[in-house]
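Listed here are the chains, written in short residue letters.
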Amino acid sequence: MTHAVSPSTLLRDADPRSLADLSAADYKVVRHTLERLTEDWRSQPGLEDLAREVDLQPIQLQRVFSRWAGLTPKQFLQALTLDHAKALLADAATVLDTSLEVGLSGSSRLHDLFVTHEAMTPGAYRERGRGLAISYGFHPSPFGTALLMVTDKGLAGLAFCDEGGEDDCLADMTRRWPAAGYLRDATVTAPYAQRIFDPSAWQAEQPLRVVFIGSDFEVKVWETLLSIPMGRATTYSHIANRLGNPKASRAVGSAVGRNPISFVVPCHRVLGKGGSLCGYHWGLTRKRAILGWEFGRTGASD
C-alpha cells in the first residue's frame, strides 16, 4: 500500500503492526497537521513547528506526511488554496458533461476506484431496510477508522470516525435503515476495506460492487457523483443542471449530504460555487485529507 510507513524509522512507537494499522497511526499525525494548516494557513506555519506539535523530528513528519499524501505539508497547503479549488472547478462542467455523455461512470472511470452499482428496490427503501441483512465491521484506513456495511448485493455503507467514536458512527448509519438486521462480522467487510483503500487493488476487470439504498432522486445524485473523476470537482448547481432541474441545488445538497457510501461515492469532490469546501458529514478536516490524498495520487495539476 502506497501510504504504509515503517514505524521503526518514522514513528516513536516501534511495536509491530499491520500495514493498515500503520496508515491509521499515520492519520493521527496527519490529521493534527491538517487542522493546524487549516486554522493558521495565513501564517504559513513552518515544518519545525508542525513537527514539534506531534512530537516528531521535522524530517520524520515530512516523510510521514509525504508518504501518506504524496505531498509535503507545504505542497498540500498550496494544493488546497482557494485558487486551486477554483482551478478544479474551472473545467468541472466539461469533465462531468463529457463523462456522462460518453457513458463514463462506474467501471469506466479514469484514475479512480472501479465500481459497478445497482439500487435496492424502492420497496426496500420505503420499508426502511426491513428484511435486509447488513454485516458491518470497523477497519483502519488512511482517514481514520472506517465503518463498512455490506449486504449480499455489495457495499451499502462506508463511514468514518476517530478513535472512541465507533458507537456514535454506527448509530448514525443504522438510523438510515432502522428496520434492517445488523451483524458485526469483520470477515465479511475486511475484503471490501482492503480493496477500497489500496489503490493497487483498483482493477477494472474486478469492479467493486456497491448497492444504493435511497430514494429515486438520491440514487440519481449518487450515480452522478460516481462520474466525477479523481482530481476534479463539481458544484451542487452543476449536478442539479445535469439532472435537468436547475432549481434543485438545495435538494442535491441534501442528497449529497446523505450519501451513505463515503469515499467510494465521492461526495467530497463537491465544492461550493466559489471553490469553498462547504460541509462534509464526517468532518471538514477529513474532507481535506481525502482531497489531498487523491491529489498526491493523480497530480491534479495536469
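In the block above lies the structure referred to throughout.
Residues numbered from 1 in each chain as written. Predicted model: local features only at pLDDT ≥ 70, side-chain atom pairs only at ≥ 80, totals over all residues. Heavy atoms only, no water.

Moving on, we get to unusual backbone geometry. For Asp55, which is not a glycine, the phi torsion comes out positive at approximately 60 degrees. With respect to the helices and strands, Asp55 occurs in the loop between α3 (47–53) and α4 (58–69). (Helix = DSSP H or I, 4+ residues; strand = E, 2+ residues; numbered from the N terminus.)

Across all of its chains, the model carries 9 salt bridges by this definition. As a salt-bridge pair, Arg31 and Asp162 come within 3.1 Å of each other at their nearest N and O atoms. With Arg31 in helix α2 (residues 19–39) and Asp162 in the loop between β4 (154–161) and α9 (166–174), this residue pair connects regions lying 131 residues apart in the sequence. Exposure remark for Asp162: the relative accessible area of 29% places this residue in the partly exposed category. Residue Arg52 pairs with Asp49 through a salt bridge whose shortest N-O separation is 2.8 Å. (Salt bridge = Lys/Arg side-chain N within 4 Å of Asp/Glu carboxyl O. Buried < 20%, exposed > 50% of the residue type's maximum accessible area, 1.4 Å probe, protein only.)

Time to look at helix α10 (residues 186–197). If you check α10, its first and last C-alpha atoms are 16 Å apart, about what 12 residues at 1.5 Å a residue would give, namely 16 Å. Within the sequence span of α10, burial applies to Thr189, Tyr192, Ala193, Ile196 and Phe197. For α10, the angular spread of buried residues about the axis comes to 110 degrees, placing them on one side. Away from its buried face, by an angle of more than 90 degrees, α10 presents the exposed residues Thr187 and Gln194. Of the surrounding elements, those touching the buried residues of α10 are β2 (133–141), β3 (144–151), β4, β6 (208–212) and α14 (284–298). (Expected span 1.5 Å × (residues − 1). Arc of directions from axis to C-beta. Contact = heavy atoms within 4.5 Å.)

Geometric values such as these leave the question of function open.
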